[in-house]
Amino acid sequence: MDTLQAILLGIVQGLTEFLPVSSSGHLQIAKELLGVEIEQNITFDVTLHAATVLSTIVVLWSELWRLIKGCFSRRFNEEQAYVLKVILSMIPAGVVGVFFADEIEALFSSLWFVGLMLLLTAALLSFAYYAKPRQKSDISYRDAFVIGLAQAAATMPGLSRSGSTIATGLLLGDEKSAVAHFSFIMVIPVILGKMLLDIVSGEMATMSVPTEALVSGFIAAFISGALACRFMIEIVKRGRLIWFAAYCAIVGCICLITTL
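Here is what the cut-offs are and how they apply
- Residues numbered from 1 in each chain as written.
- Predicted model: local features only at pLDDT ≥ 70, side-chain atom pairs only at ≥ 80, totals over all residues.
- Heavy atoms only, no water.
- Helix = DSSP H or I, 4+ residues; strand = E, 2+ residues; numbered from the N terminus.
- Rg over C-alpha atoms; globule rule 2.2 N^0.38 Å.
- Buried < 20%, exposed > 50% of the residue type's maximum accessible area, 1.4 Å probe, protein only.
- Contact = heavy atoms within 4.5 Å.
- Areas by Shrake-Rupley, 256 points an atom, 1.4 Å probe, with all protein chains shown as cover.
- Lys, Arg positive; Asp, Glu negative; His and termini not counted.
- Charge placed at Lys NZ, Arg CZ, Asp CG, Glu CD.
- Axes fitted to C-alpha atoms, helices over the stretch in contact; angles between N-to-C directions.
- Parallel < 35°, antiparallel > 145°, perpendicular 65-115°, else oblique.
- Left-handed = near helix turned anticlockwise from the far one by under 90°.
- Nonpolar A, V, L, I, M, F, W, Y, C, P; charged D, E, K, R; others polar.
- Phe/Tyr/Trp six-rings, centres within 6.5 Å; stacked < 30°, edge-to-face > 60°.
- Lys NZ or Arg CZ within 6 Å of the ring centre and 35° of its normal.
- Core = buried A, V, L, I, M, F, W, Y, C linked by side-chain atoms within 4.5 Å.
- pLDDT = per-residue confidence, 0-100.

Counting secondary structure elements, the chain contains twelve helices and zero strands. Ordering the α and β elements of the chain from the N terminus gives α-α-α-α-α-α-α-α-α-α-α-α. A globule of 260 residues ought to have a C-alpha radius of gyration of about 18 Å, and the chain, at 18 Å, matches this closely. For the chain, the spread of C-alpha atoms along the three principal axes comes to 50 × 40 × 35 Å. Residue burial in the chain is summarised as follows: out of 260 residues, 50% are buried. For the chain, the share of sequence-separated contacts (at least 6 apart) that also reach a separation of at least 24 residues comes to 82%. About 12,600 Å² of surface is accessible on the chain, with carbon and sulfur atoms providing 68% of the total. Each charge class in the chain was averaged separately, 17 positive and 20 negative side chains, and the resulting centres sit 16 Å apart.

Another aspect to go through is the packing of helix α1 (residues 3–18) against helix α2 (residues 23–34). Two elements in contact, α1 and α2, have axes whose closest approach is 9 Å; the angle formed by their N-to-C orientations is 160°. The pairing of α1 with α2 is recorded here as roughly antiparallel in orientation. Crossing of α1 against α2: the hand is right-handed. Touching Gln 5, Leu 8, Leu 9, Val 12, Gln 13, Thr 16 and Glu 17 of α1 are Ser 23, His 26, Leu 27, Ala 30 and Leu 34, all from α2. Classifying every residue of the contact of α1 with α2 by side-chain character gives six nonpolar, five polar and one charged.

A few words now on the packing of aromatic side chains. Evaluation of the coordinates by the stated rule reveals four aromatic pairs. Their ring planes at 75° and their centres at 5.3 Å tell us that Phe 18 and Phe 184 sit as a pair that is edge-to-face. You can see Phe 18 sitting in helix α1 and its partner Phe 184 sitting in helix α10 (residues 176–200), a full 166 residues away along the chain. Look at Trp 61 and Trp 65: their rings are 5.6 Å apart centre to centre, the planes differ by 25°, and that puts the pair in the stacked class. Taken together, the residues span about one helical turn, with Trp 61 and Trp 65 both in helix α4 (residues 61–71) at a distance of four residues. Directly above the ring of Tyr 141 sits Lys 85, whose terminal nitrogen or CZ lies 5.3 Å from the centroid.

This part is about the nonpolar core. Judged by nonpolar contacts, the single largest core of 48 residues is most densely connected at Ile 166, Phe 182, Phe 184, Met 232, Leu 241 and Phe 244. For this core, the element with the most residues is α10, which contributes ten residues. Those residues in contact with Ile 166, other than ones at most four positions away along the chain, are Val 179, Ala 180, Ser 183, Phe 184, Met 232, Val 236 and Leu 241. Membership of the second largest hydrophobic core comes to eleven residues, among which are Phe 44, Leu 48, Ala 51 and Val 209.

Right, let's talk about the confidence of the model for the chain for a bit. Counting all residues, the mean pLDDT for the chain is 84, and 93% of those residues have values of 70 or more. Within the chain, no element has a lower average pLDDT than helix α6 (residues 101–107), which sits at 74, and none a higher one than helix α8 (residues 141–153), at 94.

Here we come to the environment of Ile 57. Within the secondary structure, Ile 57 is located in helix α3 (residues 42–59). Linking Ile 57 and Ala 226, residues 169 residues apart in sequence, is a C-alpha distance of 9.1 Å. When near neighbours in sequence (up to four residues on either side) are disregarded, Ile 57 contacts Leu 64 and Ile 188.

Spelled out as structure tokens, the structure:
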């Protein structure tokens, strides 16, 4: 992997982690185009995930700091309730990651499956755009768990994590801005957990990735991730998800056609 490939993959990871177009699907497409075996570069994969986590923390720092301070209160408050909802939303993804990781990993080699899941992402975003449920000001514990189920399903390549969680929250009637913030906060512990599993697996020690590629990929993913996170929050507030649905539909069709 050279520096240019690392930068391009970092940009893809940073943008698609937050835009509802599937980071896993686009990384698989990028792998095909660039001839890079991403899944065999564990060190690089962990580096990109670290960059997207850091970009999320930077963009949402004020809200995260409020939650951290609230957790140290002796009396149960809104911040502690929010953290409990985030923990609740992590359970489905944790179960999938522990018990079905190998099965899901096998799906990454299928561009046909990626295309199919991109079409499913397009359908989900379209449904959320046209549905008009009564909006609630607060995300309930039940909603947090259901959104967590959507996040767990989105471990499949081509099914957008942010698209699935945000669309699910909107369909449940949760307020747009609240859903966007919850979607990006809930992914922080999930990504950190995946990073930890990759590190504990010991495979990082066997991978040789140039330092320049690691640094370049990290910077590219961090900058593009921070921009995409801010951009996506505004897009959700304005209710413009239909454009991403059209994009996913087009890319999904292209993936299916190229596999014929």
